[in-house]
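Observations on the three-dimensional arrangement
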Amino acid sequence: GENVEQHPSTLSVQEGDSAVIKCTYSDSASNYFPWYKQELGKRPQLIIDIRSNVGEKKDQRIAVTLNKTAKHFSLHITETQPEDSAVYFCAASTSGNTGKLIFGQGTTLQVKP
Amino acid sequence: DTGVSQDPRHKITKRGQNVTFRCDPISEHNRLYWYRQTLGQGPEFLTYFQNEAQLEKSRLLSDRFSAERPKGSFSTLEIQRTEQGDSAMYLCAWVTDTQYFGPGTRLTVL
């Protein structure tokens, strides 16, 4: 079945620096890739997503890139702020935005002021 | 909280007891998912419904687990004879343009 690997497991950056989180997926039929941010004790919240017909998507300080050939996708956060500190999860689906999501193991991002 | 409510938000039970969780979409959503999230891990798919039909169940969903969605509205997840390994956050998710998670029910099995 589908498997999603996420790296690194922890990431510490200085405020203002960029952060990059990478994920690889196993099922080449995967066609939808959302990213969720989860703060302590709260639910995962969608921050950005990308479909397989797009190579890159940007929303203000957040961008996601997708390399279908290599089966990996990455989250890029620029000009990090302390409020970006949280756990980030990537996910993949083979049935578009309505299909079941297979999640990565998560990355704990710490932004130091 | 918008989109879906979950009840209870926290549940502490003793091993061997049965528990039931409820997920109430605020508006009509054809597709509804259940996930389980243990500490330090990403959510894991358990099952999903298309209206009232349960279309897929994960291997994680042992015989002790059962889910229903009568009339295609709210959904319930029951765990029978709970075990300590069942301790987790149980998340309900609904689908519009993507999947949005409810606040979850945190289960602690003593």
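Computed from a predicted model, the values in this text were never measured in an experiment.

Conventions used here
Residues numbered from 1 in each chain as written. Chains lettered and ligands numbered in written order. Predicted model: local features only at pLDDT ≥ 70, side-chain atom pairs only at ≥ 80, totals over all residues. Heavy atoms only, no water. Contact = heavy atoms within 4.5 Å. Buried area = accessible area lost by both parts, 1.4 Å probe. Salt bridge = Lys/Arg side-chain N within 4 Å of Asp/Glu carboxyl O. Polar contact = N/O pair within 3.5 Å; in protein donor to acceptor, adjacent residues only side chain to side chain. Helix = DSSP H or I, 4+ residues; strand = E, 2+ residues; numbered from the N terminus. Nonpolar A, V, L, I, M, F, W, Y, C, P; charged D, E, K, R; others polar. Core = buried A, V, L, I, M, F, W, Y, C linked by side-chain atoms within 4.5 Å. Buried < 20%, exposed > 50% of the residue type's maximum accessible area, 1.4 Å probe, protein only. Pairing = 2+ DSSP bridges. Axes fitted to C-alpha atoms, helices over the stretch in contact; angles between N-to-C directions. Phe/Tyr/Trp six-rings, centres within 6.5 Å; stacked < 30°, edge-to-face > 60°. Disulfide = S-S within 2.5 Å.

**Considerations on the interface of chain B and chain A**
- Listed by partner, the interface residues are 21 residues for chain B and 17 residues for chain A.
- A buried area of about 1500 Å², summed over both sides, lies between chain B and chain A, and 48% of it is on carbon and sulfur atoms.
- For the interface between chain B and chain A, the tally reads one salt bridge.
- A salt bridge links Glu 56 of chain B to Lys 100 of chain A; its shortest N-O distance comes to 2.5 Å.
- The interface formed by chain B and chain A contains eleven residue pairs in polar contact (both at pLDDT 80 or more).
- In terms of residue count, strand 4 (residues 31-37) of chain B provides more of the side of chain B that touches chain A than any other element does, four residues in total.
- Class assignment for the residues of the side of chain B that touches chain A results in eight nonpolar, nine polar and four charged.

**Details of the nonpolar core**
- One finds Trp 35, Phe 73, Leu 75 and Leu 109 of chain A to be the most contacted residues of the largest nonpolar core, which totals 23 residues.
- Elements supplying a minimum of two residues to this core: strand 2 (10-14), strand 3 (19-25), strand 4 (32-38), strand 5 (45-51), strand 7 (62-67), strand 8 (72-77), strand 9 (86-92) and strand 11 (107-112) of chain A.
- Grouped together as the second largest cluster of nonpolar side chains are 19 residues, Val 4, Ala 88, Tyr 90 and Leu 107 of chain B included.

**A few points about the sheet that holds strand 3 of chain A**
Residues and elements named next belong to chain A.
- Read from one edge to the other, the open sheet built from five strands follows the order 1-3-8-7-6, with strand pairing classed as antiparallel. The outermost strands of the open sheet, each flanked by one partner alone, are strand 1 (4-7) and strand 6 (56-59). Going across the sheet, the axis of each strand differs from the next one's by a mean of 15°, ignoring polarity.
- Pairing of strand 7 with strand 8, which is carried by six bridges, proceeds in the antiparallel orientation. The residue bridging Val 64 from the neighbouring strand is Leu 75, located in strand 8.

**Topic: the packing of aromatic side chains**
All names here are of chain A.
- Applying the stated rule across the entire model yields 17 aromatic pairs over all chains.
- Here the aromatic rings of Phe 33 and Phe 73 are separated by 4.8 Å at their centres, their planes lie at 50°, and the arrangement is tilted. Placement of Phe 33 in strand 4 and of Phe 73 in strand 8 is noted, with a sequence separation of 40 residues between them.
- Classification of Phe 33 by relative accessible area gives buried; the value is 0%.
- Exposure remark for Phe 73: the relative accessible area of 0% places this residue in the buried category.

**A closer look at the state of the cysteines**
- Inspection of every chain in the model, using the stated rule, returns two disulfides over all chains.
- Disulfide pairing places Cys 23 of chain A opposite Cys 90 of chain A at an S-S distance of 1.9 Å. Taking the torsion about the sulfur-sulfur bond, which here is approximately -100°, the covalent link between Cys 23 of chain A and Cys 90 of chain A counts as left-handed. Here the residue Cys 23 of chain A occupies a position in strand 3, and Cys 90 of chain A occupies one in strand 9, the gap between them amounting to 67 residues.
- With relative accessibility at 1%, the residue Cys 23 of chain A sits in the buried group.
- Between Cys 23 of chain B and Cys 92 of chain B runs a disulfide, and the two sulfur atoms are separated by 1.8 Å. Residues Cys 23 of chain B and Cys 92 of chain B are joined by a disulfide whose S-S torsion is about -55°; by sign, that bridge is left-handed. Here Cys 23 of chain B, found in strand 3 (residues 19-25), pairs with Cys 92 of chain B, found in strand 9 (residues 88-95); they are 69 residues apart in sequence, far enough to count as distant. Each member of the pair, Cys 23 of chain B as well as Cys 92 of chain B, carries the same accessibility label: buried.

**Regarding the pattern of salt bridges**
Residues and elements named next belong to chain B.
- Applying the stated criterion across every chain, the model contains ten salt bridges over all chains.
- The shortest N-O distance in the salt bridge between Glu 44 and Arg 36 comes to 4.0 Å.
- Relative accessible area serves as the criterion here: at 30%, Glu 44 is assigned to the partly exposed category.
- Put simply, Asp 86 and Arg 64 hold a salt bridge, and the shortest N to O gap is 2.8 Å.

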